[in-house]
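Chain by chain, the residues:
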2 protein chains.
Amino acid sequence: MASKKEKDLFPAANHDHKACIKTALNEAERYCRENGLRLTELRRRVLELVWASHRPVGAYDLLEKISSNNRKAAPPTVYRSLDFLMEHGLIHRIASLNAYVGCSHLDHHHAPRFFICDQCGEAAELDDPVIDDAIARDAKRLGFRVERQTLEISGVCATCEHGSTG
Amino acid sequence: MASKKEKDLFPAANHDHKACIKTALNEAERYCRENGLRLTELRRRVLELVWASHRPVGAYDLLEKISSNNRKAAPPTVYRSLDFLMEHGLIHRIASLNAYVGCSHLDHHHAPRFFICDQCGEAAELDDPVIDDAIARDAKRLGFRVERQTLEISGVCATCEHGSTG
DNA sequence: AGGTGAAATGTTATAATATTACACTAGTTT
DNA sequence: AAACTAGTGTAATATTATAACATTTCACCT
C-alpha cells in the first residue's frame, strides 16, 4: 500500500513486498527486452534474490541461496550476474557494506544515493536534485569529469529509532 | 606553495609534499597530545606512510612498507593502527577502493567527501555546506539519525583530462 | 536443420581485504 | 614490585572478489 507516496522512503514494515519483487522483475524484463539484453534464468534468479528484501545482500549470501544441496555454485556464477545487473542499473552496489541492493528508480537515470539503517539493515534510495547540483558544481569548479558516485549515509532509521515494535 | 588557496583542491603536481606530510604529523601529534591519546611509533609510521602521497593506499601496501626484509608484519599490525587513526579522524577510509588516505581537514569536524581520479589515483577532500545541508534535510525528512557518511566521486581530474604532461 | 561464432555459464584455483583469538610487552598506577 | 591497561606480535582464518580456462547455450546465417 501507499507505494506512490513511499517510493522514495524507507519501506513500511507492512508493505506488500511481493509487489516490489514483481515490479522489479517486470521492469527488468521490459528494460532488457527493449535494449536487446538477455535476462537469463540465472540473472533473473539473482535479481529476484537481491530483491528478497530491501536490505543490501552479500554476494556469498546469494551464492548460498543459488546453490542447491547437491550442487554448490562458485563465486563467478553470482559475480557475473551481479556485474550484468549493475552494468544495466538494475541493482546497486553498496561499497560500505560490500553488498548489493535492487534499484528503486529504474524509470530514470540517477546517481545512487542511499540511507542505510545499521539496525534493521534496510536501505532507502533517495533522489535529491540539490545534492546532484552541488556535486556537479563542485566537479565543475575542480574541472573534474564525474564518472561514478558513491553516496551512502549510515545510521538509524525512524522505525528503529522510535521502536514501533513492528 | 599556494597551500592556502589549494587546500581544498587537487594538489598541484609540483606542490611541496614534504610540507603536507610534516603538517599532517605535527597536527596529529598536537591532536593526540591535547586529547591524551598515544601516537605511538607504529601509529606515527602508518600515518606517515598513508601521507606518502595524496593517493588512497591499501592496507597491504602499508603492510609491505612496514615490513623489513627480515621481519614481515602481519595484517593486524596495520589494521589496528588504521583503526586508531580513523577513529580519531586522522585518516579516512575510501570504501569504493578499500583504501586509506590522510585527512586534509583536521581543523574542523566534517563528513568525508572525496573526488578521486581514476587515472592518477589522487584524491581531493572537499567541503561543501550545500551538500551537508541537503543530506541533513533529507535525513530529517526521513526521521533518520545519521552516524556515518560515505561520499566518493570518481572520474578524471583536470590535470589528467587536459594532460599537462606532468 | 546444421554450422558457426559469440555470449553465457561451469569449474578450479587464487588474489585481495579484513578479522579473531591468544600470547606477550610496555607503560601506568598503586 | 604487583596489578592493571593499552598496545603489539603472531598464527590462523574469514570474507570478498577475480583470473583462467573448459563447456554449454543461443542467435544468426546459410
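All of these numbers come straight from a predicted model, not from anything done at the bench.

J.: Quick rundown of the overall build of chain A? Include the residues and the values.
T.: Scanning chain A for helices and strands turns up 7 helices and 5 strands. In chain A, the succession of α and β elements from N to C terminus is α-α-α-α-α-β-β-β-β-α-β-α. By the compact-globule yardstick of 15 Å for 166 residues, chain A fits well, its C-alpha radius of gyration being 17 Å. Here the C-alpha coordinates of chain A stretch approximately 55 × 45 × 30 Å along the principal axes. In chain A, which comprises 166 residues, the proportion classed as buried is 43%.

J.: How would you explain unusual backbone geometry if you had to name every residue and give the values?
T.: A positive phi angle, close to 50°, is found at Asn-98 of chain A, a residue other than glycine. Among the secondary structure elements, Asn-98 of chain A is positioned in the loop between β1 (91-94) and β2 (99-102).

J.: Quick one: what's the story with the sheet that holds strand β3 (residues 113-117) of chain B, residue by residue and with numbers?
T.: Strand order across the open sheet formed by 6 strands is β4(A)-β3(A)-β5(A)-β5(B)-β3(B)-β4(B), with mixed pairing between neighbours. Both edges of this open sheet fall to β4 (123-125) of chain A together with β4 (123-125) of chain B, since each of them pairs with a single strand only. On average, adjacent strands in this sheet sit at an angle of 20° to one another, irrespective of strand direction. Across the sheet, helix α6 (residues 129-142) of chain A is in contact with β3 (113-117) and β5 (145-156) of chain A together with β3 and β5 (145-156) of chain B; its angle to β3 of chain B comes to roughly 50°.

J.: Can you tell me about the interface of chain A and chain B, naming the residues and giving the values?
T.: Opposite the 37 residues of chain A that make contact, chain B presents 37 residues. Interface of chain A and chain B: buried area, both sides summed, is about 3300 Å²; carbon and sulfur atoms make up 60% of it. Three residues, Leu-142, Phe-144 and Arg-145 of chain A, lead the burial of chain A against chain B; their summed loss comes to 19% of the area buried on that side. For the interface between chain A and chain B, the tally reads 4 salt bridges. Among the salt bridges present, the one from Arg-148 of chain A reaches Asp-118 of chain B, with a minimum N-O distance of 2.9 Å.

J.: So what's going on with the pairing of strand β2 (residues 99-102) of chain B? Which residues, and what values?
T.: A two-sided burial pattern is seen for β2 of chain B, the buried positions comprising Ala-99 and Val-101 of chain B on one face and Tyr-100 and Gly-102 of chain B on the other. In textbook terms, the turn of a hairpin is the stretch between consecutive antiparallel strands, and for strand β1 (residues 91-94) of chain B and β2 of chain B this stretch comprises 4 residues, one of which, Asn-98 of chain B, has a positive phi near 50°.

Conventions we followed
Residues numbered from 1 in each chain as written. Chains lettered and ligands numbered in written order. Predicted model: local features only at pLDDT ≥ 70, side-chain atom pairs only at ≥ 80, totals over all residues. Heavy atoms only, no water. Helix = DSSP H or I, 4+ residues; strand = E, 2+ residues; numbered from the N terminus. Rg over C-alpha atoms; globule rule 2.2 N^0.38 Å. Buried < 20%, exposed > 50% of the residue type's maximum accessible area, 1.4 Å probe, protein only. Pairing = 2+ DSSP bridges. Axes fitted to C-alpha atoms, helices over the stretch in contact; angles between N-to-C directions. Contact = heavy atoms within 4.5 Å. Buried area = accessible area lost by both parts, 1.4 Å probe. Salt bridge = Lys/Arg side-chain N within 4 Å of Asp/Glu carboxyl O.

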